[in-house]
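Close look at the chain arrangement
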Amino acid sequence: MASVWLEAHGKAVVVKGDTMQIKAALLQDLQNCGTVKKVEDKTGSTTNGNTGPTAATKNSAAPQAPKKRAAAEGESEVIQLDDNVRVEANAYQGKIGVDIRRFWTEKASGELRPGKGLRMSQSEWEAICAGKERIDEMLKEGEENSWFAEGDVTVSITGGSVDLRRFYTDKSDGEKKPGKQGIRLSAILWGVLKAEMANITKMLGQVSTEGNVTKKPKQNKNASTRDEASPVERPEHAKWKEELTMILQGRDLQNVSLRKVREELEAALEMPKDGLLQRKEEVKNIVTEIVQSLERQGE
């Protein structure tokens, strides 16, 4: 197992240590990182029998996921650490927090589905931010290590990665043990998260307890007022949530199809097929809320 660490070099970050042992893994992580435009291998050594530019270089022209997803009205802003890992500051059940979650793509529909992740309260997130230098030091040492950052949230260093996880107390023996809520970040993704901490904290300060990011109202030249309520405040959402909770109860949440769930909701509401197609983002947000709630109940 290689031991590596990060050092500042002007405006750059240098990875030092036994890096040749993990060269292929580093190149792959950089290739998969949505914030990296191009990767070139200038070490002059081989990787799996190939020399010169790596596969990452050949694929560098492929479109990359945006670092930030523009927020639709009524939604909070989302920061993408890479193609699959997203960070969002929002409110859930009246409590403001930060959600870091890994998404996966459903082959049938091509839509992104929320997977496992960790939701932290504002104080827990602030503890992670305050402890970033300690986490960097633990990564540099390269040894298995962990510490309770705040409440039940624990930071663990394992295999050169940073694992942020919520622990629970086992009633049988009274010991703290790792739960299902958590996410493991490579050293590179941890570096991206650190670089975005200030932006995420700023977003957190703009979230209201109703779940919206506070924004200045947009001026509409064609109308002086907006009669339609924002998506999260529409009265029909309470009924949707009730029906969706019954639909999702007992389902395999990791493999649930949003399209199928939306069709079942349409049937429950006696609506025609694709009656909610134009409002699928609203349905998706409610489904995500319910999935996160059911995950917490299942720990």
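Everything numeric here is computed off the predicted structure, so don't read it as measured data. Positions within a chain are numbered from 1, following the residues in the order the chain's sequence is written. Given that this is a predicted model, residues contribute local features only at a pLDDT of at least 70 and side-chain atom pairs are listed and counted only at 80 or more, while totals for whole chains, interfaces and linings are drawn from all residues. Based on all heavy atoms of the structure, the side-chain values leave hydrogens and waters out of the count.

1. Comments concerning the sheet that holds strand 11 (residues 176–185)
To keep things clear, this is the line we draw: Strands pair, by our definition, only if DSSP identifies at least two bridges between them. Going along the chain from the N terminus, every DSSP run of H or I of four or more residues is numbered as a helix, and every run of E of two or more is numbered as a strand. Only the contacting stretch of a helix is used when fitting its axis, a line to C-alpha atoms as for every element, and angles between N-to-C directions run 0 to 180 degrees.
In spatial order, the strands read 8-9-10-11; together these four strands make up an open sheet with antiparallel pairing. Unpaired on one side and paired on the other, strand 8 (145–150) and strand 11 mark the two borders of the sheet. Each strand of the sheet is rotated relative to its neighbour by a mean of 30°, with strand direction disregarded. Both strand 10 (residues 161–169) and strand 11 contribute to a ladder of seven bridges, which runs antiparallel.

2. Some words on a nonpolar patch on the surface
Note the following rule: Patch definition: residues with relative accessible area over 30% and no salt bridge; like charges joined within 9 Å; nonpolar side chains (Val, Leu, Ile, Met, Phe, Trp, Tyr) joined within 5 Å. Note on areas: Shrake-Rupley, 1.4 Å probe, and residue coverage restricted to the protein chains presented here. What makes a salt bridge here is a side-chain nitrogen of Lys or Arg within 4 Å of a carboxyl oxygen of Asp or Glu, nothing more.
On the surface, Leu-6, Val-13 and Val-15 cluster together into a nonpolar patch covering about 240 Å² of accessible area. Inspection of the secondary structure puts Val-13 in strand 2 (residues 12–17).

3. Overview of the environment of Thr-19
Operational definition: Each residue is assigned to one of three classes by its accessible area relative to the maximum for its type, calculated with a 1.4 Å probe on protein chains only: buried under 20%, partly exposed between the two thresholds, exposed over 50%. Contacts are assigned to residue pairs with any non-hydrogen atoms lying within 4.5 Å of each other.
Its location among the elements puts Thr-19 in the loop between strand 2 and helix 1 (23–32). By relative accessible area, Thr-19 is classed as buried at 19%. Each C-alpha atom, one on Thr-19 and one on Trp-5, is 9.2 Å from the other, the two residues being 14 residues apart in sequence. For Thr-19, the contacting residues outside a window of four places in its chain are Val-4 and Leu-26.

4. Observations concerning the packing of aromatic side chains
Two numbers describe a pair of aromatic rings. These are the distance of the centres and the angle of the planes. Inclusion rule: Centres within 6.5 Å make a pair out of two Phe, Tyr or Trp rings, where for Trp the six-membered ring is used; the pair is then stacked when the planes are under 30 degrees apart, edge-to-face when over 60, and tilted otherwise.
Counted under the stated rule, the structure contains one aromatic pair. Ring geometry for Phe-148 against Phe-167: centres 5.6 Å apart, planes inclined by 80°, an arrangement best described as edge-to-face. Note that Phe-148 is positioned in strand 8 and Phe-167 in strand 10, a separation of 19 residues in sequence. The partly exposed category is assigned to Phe-148, whose relative accessible area is 44%. Classification of Phe-167 as buried rests on a relative accessible area of 16%.

5. With respect to the pairing of strand 6 (residues 95–105)
Alignment of strand 5 (residues 85–92) against strand 6, held across eight bridges, turns out to be antiparallel. Paired with Ala-91 across the bridge in strand 6 is Ile-96. Hairpin connection, strand 5 to strand 6: the antiparallel pair is bridged by two residues, and Gln-93 has positive phi, about 55°. Bridging between strand 6 and strand 7 (residues 112–121) involves eight bridges; their strand directions are antiparallel. Counterpart to Asp-99 in the pairing with strand 7 is Arg-119. In this antiparallel pair of consecutive strands, strand 6 and strand 7, the connection spans six residues, and Gly-110 shows a positive phi of 75°.

6. Details of the side chain of Asp-163
Counted only if it meets this: In protein, a polar contact requires one atom able to donate a hydrogen and another able to accept it; more generally it is a pair of N or O atoms within 3.5 Å, and residues adjacent in sequence count only if both atoms are side-chain atoms.
Its location among the elements puts Asp-163 in strand 10. Owing to a relative accessible area of 10%, Asp-163 belongs among the buried residues under this scheme. A polar contact is formed between the side chain of Asp-163 and the side chain of Arg-165, at a distance of 2.9 Å.

7. Here we look at the confidence of the model for the protein
We count it as follows: pLDDT expresses how confident the predictor is about each individual residue, on a scale running from 0 to 100.
Here the protein averages 76 in pLDDT, while 74% of its residues score no lower than 70. At the level of individual helices and strands, the protein shows its lowest average pLDDT in helix 2 (residues 55–58), which scores 38, and its highest in helix 3 (residues 122–130), which scores 93. Across residues 214–233, confidence stays below pLDDT 50; counting only partners more than four residues off in sequence or on other chains, it has 16 contacts.

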